[in-house]
Structures are given as structure tokens and as C-alpha cells.
Amino acid sequence: MKNKFYQYIQNLQDQIVAGLEAVDGQAKFQEDIWERPEGGGGRTRVIENGNVIEKGGVNISAVHGKLPEAMQKMFNVGEADFFACGLSLVIHPKNPMAPTVHANWRYFEMYDDKGEIINQWFGGGQDLTPYYLFEEDAIHFHKTCKTACDKNNPEFYPKYKKQCDAYFWNAHRNEARGIGGLFFDYCKATDAMSMENWFNFVSEVGNSFLEAYVPILEKRKHLPFTEAQKTWQEIRRGRYVEFNLVHDKGTLFGLRTNGRIESILMSLPPKVQWVYDHHPEAGSEEEKLIKILENPVDWI
């Protein structure tokens, strides 16, 4: 399974990079191949200062070795070997009318001292963070997520949508990071779902990413905007950074397993503002977004 999934995310990385370069029309992703001293490595692809994309990354990695002590405590196990691979992406467009998007699909195995698998699971999801709310974009994104889920199980979309709303929650701000999407983790074999079934589900979601995001980016990338609207985007990006550095499990996992720091922190936008005690004007489009983020919305 680990070889099958790693092959899948290598191909998916190529497809997503090609799709995003086509939308940008100017910038190309630069590639870094890196190795992790303890075992494994990855292929980082980053795009910067494009026509449409201000900064973004589409990264894959496959790492293995001894489970670090911090992770032993997290999983409540003793010494063990592990393998983890995944694709992680974040795209920050220039235009504040276009939303930031994040997605991640991953697979994990843990082994006993004989090298036998004692635990394995899939995880992942995709979510949207707008700076100005276009309800039709939110509906399109969620409908695409639901279609991918429904091909496997009609119960998946409401379940993983709810988990996404709960996970991407900036508790210290009492607001959502964005308008959600899907989030699933620890997807293990059961009587109802084999690991092969989970692979089919995760790959269906991964394959839906470009369909979910590119039409939105195409629609918003050239809309006019003011300096004040760009400032608002940068203030909201600050909340994005806060979530990634304070709450995000993927960032913490990378930092605790001696991950490649440049690849881990590629999710951070290039220009961010923190304005003291900032509140948007009453009745403004900015305030409308804040009110939406205070309570998860059923977009479908």
C-alpha cells in the first residue's frame, strides 16, 4: 500500500503543478529534492511572484525510521519504526478576491520489532480560506467535495465536513480559519472499509482538487481590488499563520520528526500584517466574512 500511495501522490503532484502553472500563465514551480538524514526525503515544488499566485507549494515526502519520542507519546506507544508519506499544498493568490486553498493527503504505517505492520491509516482533506466571500465559490467547492465523497459513501461528506469545521478552528480567536471542506484522519481498515477502499476514497478526493479550486481561481484572479482590500487580505493571512503555527498537527509532526523546515513552512504567505485590535467597518464585506467564520455554514 505504501508504494501504491507514494506512486499516486507523485503523479498527483505532477498534475496539480501543471494545472496551477496553466492558471498562472507566467511563473513556474521550482523543484528541490531533499533527503532526511534519518531516512527518506521528498520533492518540494514552490511557486513565487507569479501573475496570479503570490506564493504556493505542492510538496510530497516519504519519510521513515525510528518513531521520535514526542510521537511515541502522541500515539501512546513505546519504541517503534514508522513510515509516512503524503502530499501537502497551499496556494496564496495575489488577488484578495481569490481564496487561499490548502490540501493534504497522507498515509502512515507503524511496525513492530519484526517489521510487521501493527498500525496503518490514511488522512487528509482540502479546505478553502477566502478573504472576500463569494457564496457561489463556497457552494462550488463544497459540492465538488461532496461528489468525491458520495462516490464512496454518502455519509462521508457530512461527517468529514463537520470534522473540517472543528479542526480548522482558531480557538484563541473563536473563529474558523476559512469556510472548510473536508478533513479526515486515522482512516483504518474495518469490516466495512478495507485499506484498498480507503485508498480509493482518498485518491478520489485528491483527484477532485483541481476541479474544486481552479474554476474559482479563474473567476477571481483578475477582479479589480483596492489597496485597502489588499491590506485586509494581509491581516486575514495573519490568522492563517496563527493557525498553522499554533494548532496544525501536520506542522507540529514535521517539526518533531526533524522534517525539512523550508518544506514545512512553505505554507506561510509572503506578506502578512498584524494590526492591533483590528475590527472591520460595520456592514462591510469584511465584517460579513467575519460573521460567517463565527459559525460553520452548511453550504449545500
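Residues numbered from 1 in each chain as written. Predicted model: local features only at pLDDT ≥ 70, side-chain atom pairs only at ≥ 80, totals over all residues. Heavy atoms only, no water.

Participant: Would you mind going over the packing of helix α1 (residues 2–24) against helix α6 (residues 209–220) in detail, with residue names and values included?
Facilitator: Put simply, α1 and α6 touch, their axes get as near as 11 Å, and they point 10° apart. Between α1 and α6, the crossing angle belongs to the class labelled roughly parallel. On α6, the residues that touch Gln15, Ile16, Gly19, Leu20 and Val23 of α1 are Phe209, Leu210, Tyr213, Val214, Leu217 and Glu218. When its residues are assigned to classes, the contact of α1 with α6 shows eight nonpolar, two polar and one charged. (Axes fitted to C-alpha atoms, helices over the stretch in contact; angles between N-to-C directions. Helix = DSSP H or I, 4+ residues; strand = E, 2+ residues; numbered from the N terminus. Parallel < 35°, antiparallel > 145°, perpendicular 65-115°, else oblique. Contact = heavy atoms within 4.5 Å. Nonpolar A, V, L, I, M, F, W, Y, C, P; charged D, E, K, R; others polar.)

Participant: Mind laying out the nonpolar core, listing which residues take part and the relevant values?
Facilitator: A general feature of soluble globular proteins is that nonpolar side chains tend to end up buried together. Grouped together as the largest cluster of nonpolar side chains are 65 residues, with contacts concentrated most on Phe5, Leu89, Trp105, Phe122, Phe184, Trp198 and Phe201. Per-element accounting of this core gives the leading share, eight residues, to α1. Formed by eleven residues, the second largest nonpolar core is a distinct cluster that contains Trp34, Phe75, Ala84 and Phe108. (Core = buried A, V, L, I, M, F, W, Y, C linked by side-chain atoms within 4.5 Å. Buried < 20%, exposed > 50% of the residue type's maximum accessible area, 1.4 Å probe, protein only.)

Participant: Lay out the sheet that holds strand β6 (residues 117–129) with the relevant residues and their values.
Facilitator: Overall, antiparallel pairing links the seven strands, which are arranged β1-β2-β3-β4-β5-β6-β9 in an open sheet. Two strands bound the open sheet, and with one partner strand each, they are β1 (30–35) and β9 (180–187). Strand-to-strand twist in this sheet, taken as the mean axis angle between neighbours without regard to direction, amounts to 5°. Across seven bridges, the pairing between strand β2 (residues 40–48) and strand β3 (residues 53–66) is antiparallel. Paired with Val46 across the bridge in β3 is Gly57. Running at roughly 170° to β3, α1 makes contact with β2, β3, β4 (81–93), β5 (100–111) and β6 of the sheet. (Pairing = 2+ DSSP bridges.)

Participant: How would you explain the pairing of β6 if you had to name every residue and give the values?
Facilitator: Pairing analysis gives twelve bridges linking β5 to β6, with the strands arranged antiparallel. Residue pairing in the sheet places Arg106 in a bridge with Gly123 of β6. Where β5 hands over to β6, the hairpin turn is made up of five residues, of which Gly115 adopts a positive phi near 85°. Where β6 and β9 come together, six bridges link them in antiparallel fashion. For Gly124, the partnering residue across the bridge sits in β9 and is Phe184.

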